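Listed below are the residues making up each chain.
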Amino acid sequence: MQTYFVEKMKQNAETYPNRLSLALDFGQEPVSFSGLWDQSGRIYAFLKEKGIGREDFVMLLLPRSPKMFIAMLGVLRAGAAFVF
């Protein structure tokens, strides 16, 4: 079962693929909605390959950055929960 947030992010990626999706710090590469969806999809696929899904927890050890948000979305897409 997908969450509303994941469904909304997928819809944004389809509707506004080239729009900037994340507020960035100076010097970081911009991330569009389609880029966000694609990158989180790689994390989703990795987690699914490892058998991670519903009722599992994934610990995220990343600095605050677009990569953290991408990882969070990938975990949610897999159906798991995350902790920092």
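Thresholds, definitions, all that
Residues numbered from 1 in each chain as written. Predicted model: local features only at pLDDT ≥ 70, side-chain atom pairs only at ≥ 80, totals over all residues. Heavy atoms only, no water. Axes fitted to C-alpha atoms, helices over the stretch in contact; angles between N-to-C directions. Helix = DSSP H or I, 4+ residues; strand = E, 2+ residues; numbered from the N terminus. Parallel < 35°, antiparallel > 145°, perpendicular 65-115°, else oblique. Left-handed = near helix turned anticlockwise from the far one by under 90°. Contact = heavy atoms within 4.5 Å. Nonpolar A, V, L, I, M, F, W, Y, C, P; charged D, E, K, R; others polar. Phe/Tyr/Trp six-rings, centres within 6.5 Å; stacked < 30°, edge-to-face > 60°. Buried < 20%, exposed > 50% of the residue type's maximum accessible area, 1.4 Å probe, protein only. Lys NZ or Arg CZ within 6 Å of the ring centre and 35° of its normal. Core = buried A, V, L, I, M, F, W, Y, C linked by side-chain atoms within 4.5 Å.

A separate point is the packing of helix 1 (residues 4-15) against helix 2 (residues 33-49). Relative to each other, helix 1 and helix 2 sit at 130°, their axes nearing to 8 Å. Regarding the angle of helix 1 to helix 2, the classification is oblique. The chirality of how helix 1 crosses helix 2 is left-handed. Residues Val6, Met9, Lys10, Asn12 and Ala13 of helix 1 touch helix 2, and the partners they reach there are Phe33, Ser34, Leu36 and Trp37. Partitioning the contact of helix 1 with helix 2 into residue classes produces six nonpolar, two polar and one charged.

Attention now goes to the packing of aromatic side chains. As enumerated under the stated definition, the model contains two aromatic pairs in all. Where Phe5 meets Phe69, the ring centres are 6.1 Å apart and the plane angle is 85°; that geometry is what we call edge-to-face. With Phe5 in helix 1 and Phe69 in helix 3 (residues 66-78), the pair connects residues that are 64 residues apart, well separated along the chain. For the ring pair Phe82 and Phe84, a centre distance of 5.5 Å and an interplane angle of 70° mean the geometry is edge-to-face. Phe82 sits in the partly exposed class, given a relative accessible area of 23%. The lysine or arginine in question, Arg77, covers the ring of Trp37, its NZ or CZ lying 3.6 Å from the ring centre.

Core analysis: the largest hydrophobic core is formed by ten residues, namely Val6, Met9, Ala13, Leu22, Val31, Phe33, Leu36, Trp37, Ile70 and Leu73. Within the residue set of this core, elements represented by two or more residues are helix 1, helix 2 and helix 3. Look past the residues within four positions of Val6 in its chain and what remains in contact with it is Trp37, Leu73, Leu76 and Arg77. Among the nonpolar cores identified, the runner-up in size contains nine residues, and Val58, Ala71, Met72 and Ala80 belong to it.

Further remarks concern the packing of helix 2 against helix 3. For the pair helix 2 and helix 3, interaxial distance at closest approach is 7 Å and the crossing angle is 50°. Here helix 3 runs oblique to helix 2, going by the angle between their axes. Considering how the two elements wind past one another, helix 2 and helix 3 form a crossing that is right-handed. Note on element contacts: helix 3 touches helix 2 through Phe69, Ile70, Ala71, Leu73, Gly74, Val75, Arg77 and Ala78, opposite Leu36, Trp37, Gln39, Ser40, Gly41, Ile43, Tyr44, Leu47 and Lys48. Looking at the contact of helix 2 with helix 3 residue by residue, the class counts come to eleven nonpolar, four polar and two charged.

Don't take any of this as a statement about function, it's just geometry.
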